[in-house]
Amino acid sequence: MQELHDAPLAPLTTFRLGGPATRLLTATTDDEVIAAVREADAAGTPLLVIGGGSNLVIGDKGFDGTALRIATTGFHLDGTSLELAAGEVWTDAVARTVEAGLAGIECLAGIPGSAGATPIQNVGAYGQEVSSVITEVVAYDRRAGETVTIPAADCDFSYRHSRFKQHPDRFVVLRVRFTLEDADGLSAPLKYPETARTLGVEAGDRVPAAVARETVLKLRAGKGMVLDPEDHDTWSAGSFFTNPILTSEEYAAFLARAQERLGADVTPPAFPAGDGMTKTSAAWLIDKAGFTKGYGTGPARISTKHTLALTNRGEATTEDLLALAREVVDGVREAFGVTLVNEPVTVGVAL
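Because the structure is a prediction, the values reported are computed rather than measured. Residue positions are given per chain, counting from 1 as you read along its sequence in written order. Where totals are concerned, whole chains, interfaces and linings use all residues; where local detail is concerned, this predicted model gives features only for residues with pLDDT of at least 70, and gives and counts side-chain atom pairs only at 80 or more. Computation of side-chain values: all heavy atoms of the structure, hydrogens and water removed.

1. Quick notes on the overall build of the protein
Here is step 1: Tallying secondary structure elements over the protein gives nine helices and 20 strands in all.
Here is step 2: Values of the radius of gyration come from C-alpha atoms, whereas the globule rule sets the reference at 2.2 Å times the count of residues to the power 0.38. For 351 residues, the compact-globule estimate of 2.2 N^0.38 gives 20 Å, and the C-alpha radius of gyration of the protein, at 20 Å, lies within 12% of that figure.
Here is step 3: Principal-axis analysis of the C-alpha atoms gives the protein an extent of 60 × 50 × 40 Å.
Here is step 4: The burial tally for the protein puts 50% of its 351 residues in the buried class.
Here is step 5: Contacts are residue-level and defined by heavy atoms, with any inter-residue pair within 4.5 Å sufficient. Across the protein, contacts joining residues at least 24 apart in sequence account for 61% of those joining residues at least 6 apart.
Here is step 6: With residues, only the protein chains shown are counted as cover, and all accessible areas are computed by Shrake-Rupley using a 1.4 Å probe. If you sum the accessible surface of the protein, you get close to 15,400 Å²; carbon and sulfur atoms cover 49% of it.
Here is step 7: Both charge centroids of the protein, one from 31 positive and one from 46 negative side chains, sit 3 Å from each other. Counting from the N terminus, the helices are DSSP H or I runs at least four residues long and the strands are E runs at least two residues long. A 1.4 Å probe rolled over the protein chains alone gives each residue an accessible area, and that area as a share of the maximum for its type sets the label: buried under 20%, exposed over 50%, partly exposed in between. In this tally Asp and Glu are treated as negative and Lys and Arg as positive; neither His nor the chain ends contributes. A charge is said to be at NZ when it belongs to Lys, at CZ for Arg, at CG for Asp and at CD for Glu.

Structure below.
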């Protein structure tokens, strides 16, 4: 297991931000992951687990403890059953399932990060979420001191949330198991209107899975959501804020504020979210509050391609990024009475 001291963490994140870790370990097997976690827990050393670094905002002072980078590999496909090691590159795994003619995660193409992060965040995009195809998660339970296999029903999945996110210091994901669909090379039924519209089909239709994947990649790239070292619009964590989910009373108050600000004929995006809740669009809120694409004059700015992405233009610090994020949160709250919540995990800092 590789060990470095006073190790830079910024290169391990898609933001390319953050100070060094006191110690950085890189584990390439499950046994190495478990050994590193046990050692840190036994010594009472703070532990930061890093996968693909696509959902991390690390403070400029870095991390005073052990950072553990999970670089395990393993792609095992048996019929429609798939098992991924936590360190597998997610977008590569998606490509391989599509090549195998399987459906279920083809619209999650291009999402940066590792497979082990997908159940934590219940990763989703373009009408698909991993919770719909995950069957089990194998994790090291730091509280029990043992490896456990958690069925999907016990993962407490919800919108961008899970049991693992709820208890971030308890579980370290080792492997994720999925059941995909053999639809003779076709995709799962398309749920996202933009995808269907781009393909010239109706919502609910199927298309070749490879076509669905390529279409999503093009849509994501047009929004700066596919990693490109030369494009600062991709030096981000993707969507920085989650879409707000409002009670009926909260939505009514929001709608009144929106119509007062923008006109009585304005209808903000609204999607049923169960139990009388309504989900609206964070991107719409940000834009209508005055934070348009490319907003900002400093080293951290809103992407020129998508209002949900806050970006490092190359010379930013984490504090630059957080200052921009706070400005957006305050502006949206003042305009619409809705408080945005950050999607990336913050380390050593907070909004």
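2. Examining the nonpolar core
When a protein is soluble and globular, its nonpolar side chains tend to lie buried together.
Here is step 1: Definition used in this section: a nonpolar core is a set of buried Ala, Val, Leu, Ile, Met, Phe, Trp, Tyr and Cys residues joined via side-chain atoms within 4.5 Å. One finds Leu-84, Trp-90, Ile-134 and Phe-178 to be the most contacted residues of the largest nonpolar core, which totals 38 residues.
Here is step 2: Those elements giving two or more residues to this core turn out to be strand S7 (81-85), helix H2 (90-99), strand S11 (134-141), strand S12 (146-151), strand S13 (171-179) and helix H6 (209-222).
Here is step 3: Judged by nonpolar contacts, the second largest core, of 35 residues, contains Phe-254, Phe-291, Ile-302 and Leu-321.

3. Regarding the sheet that holds S7
In a beta sheet, neighbouring strands are held together by backbone hydrogen bonds and run either parallel or antiparallel to one another.
Here is step 1: An order of S6-S7-S13-S11-S12 is seen for the five strands of this open sheet, with the pairing classed as antiparallel. Edge strands, defined here as strands with exactly one partner in the open sheet, are strand S6 (75-78) and S12. The sheet shows a mean angle of 15 degrees between the axes of neighbouring strands, taken without regard to direction.
Here is step 2: Strand pairing follows a simple DSSP-based rule, namely that at least 2 bridges must link the two strands. In the sheet, S11 pairs with S13 via seven bridges, with the strands oriented antiparallel. By the bridge assignment, Val-138 is partnered in S13 with Arg-175. Working convention: axes come from line fits to C-alpha atoms, limited for helices to the stretch in contact. Angles between N-to-C directions cover 0 to 180 degrees.

4. Let's talk about the packing of helix H7 (residues 248-262) against helix H9 (residues 318-336)
Here is step 1: Taken N-terminus to C-terminus, the directions of H7 and H9 make an angle of 90 degrees; their axes are 8 Å apart at the nearest point. Looking at the two axes, H7 sits roughly perpendicular to H9. Together, Phe-254, Arg-257, Ala-258, Arg-261 and Leu-262 of H7 and Arg-333, Glu-334, Ala-335 and Phe-336 of H9 make up the contact between the two elements.
Here is step 2: Note on residue classes: Ala, Val, Leu, Ile, Met, Phe, Trp, Tyr, Cys and Pro are nonpolar, Asp, Glu, Lys and Arg are charged, and everything else, Gly too, is polar. Looking at the contact of H7 with H9 residue by residue, the classes come out as five nonpolar, no polar and four charged. By definition in this entry, angles of less than 35 degrees are roughly parallel, angles greater than 145 are roughly antiparallel, angles of 65 to 115 are roughly perpendicular, and the rest are oblique.

5. A short note on unusual backbone geometry
Here is step 1: Unlike most non-glycine residues, Arg-160 shows phi in positive territory, near 50 degrees.
Here is step 2: Looking at the element boundaries, Arg-160 is found in the loop between S12 and helix H4 (163-166).
Here is step 3: On the accessibility criterion, Arg-160 (13% relative accessible area) is buried.

6. A few points about the pattern of salt bridges
For side chains bearing opposite charge, pairing can occur when the charged atoms are close.
Here is step 1: The term salt bridge refers to a pairing of a side-chain nitrogen on Lys or Arg with a carboxyl oxygen on Asp or Glu at a separation within 4 Å. On inspection of all chains with the given rule, the structure shows 17 salt bridges.
Here is step 2: Close ionic contact of Glu-194 with Lys-223 constitutes a salt bridge, the shortest N to O distance being 2.9 Å. Placement of Glu-194 in helix H5 (residues 193-199) and of Lys-223 in the loop between H6 and strand S15 (245-246) is noted, with a sequence separation of 29 residues between them.
Here is step 3: Look at Lys-223 and you get buried, because its relative accessible area is 18%.
Here is step 4: The partner of Asp-233 in a salt bridge is Lys-305, with the nearest N and O atoms 2.9 Å apart. Separated by 72 residues along the polypeptide, Asp-233 in the loop between H6 and S15 and Lys-305 in the loop between strand S18 (300-302) and strand S19 (310-312) bring together distant segments of the chain.

7. A few points about H2
Here is step 1: Among the residues making up H2, those that are buried are Trp-90, Ala-93, Val-94, Ala-95, Thr-97 and Val-98.
Here is step 2: Looking at the buried residues of H2, the elements they touch are S6, S7, strand S8 (102-103), helix H3 (118-121), S13 and H6.
Here is step 3: Looking one or two residues past H2, Gly-101 carries a phi angle of roughly 80 degrees, positive in sign.

8. With respect to the packing of aromatic side chains
Here is step 1: Pairing of aromatic side chains requires ring centres within 6.5 Å, counting the rings of Phe and Tyr and the six-membered ring of Trp. Pairs whose planes differ by under 30 degrees are stacked, by over 60 edge-to-face, and all others tilted. One pass over the structure, following the stated rule, counts 10 aromatic pairs.
Here is step 2: Taking the centre distance of 5.9 Å and the plane angle of 80 degrees together, the rings of Phe-254 and Phe-336 count as edge-to-face. Taken together, the residues Phe-254 in helix H7 and Phe-336 in helix H9 connect sequence positions 82 residues apart. We note that Phe-254, like Phe-336, is buried.
Here is step 3: A ring pair is formed by Phe-291 and Tyr-295, whose centres lie 5.0 Å apart and whose planes are at 85 degrees; its orientation type is edge-to-face.
Here is step 4: For Tyr-295, a relative accessible area of 25% translates into the label partly exposed.
Here is step 5: A connected cluster of aromatic rings, assembled from ring pairs, spans Tyr-251, Phe-254, Trp-284 and Phe-336.
Here is step 6: We call a charge positioned over a ring when the NZ of a Lys or the CZ of an Arg lies within 6 Å of the ring centre and within 35 degrees of the ring normal. Looking at Arg-16, its charged tip hangs above the ring of Trp-235, at a distance of 4.1 Å from the centre.
Here is step 7: The ring of Phe-336 has Arg-261 lying over it, and the distance from NZ or CZ to the ring centre is 5.6 Å.

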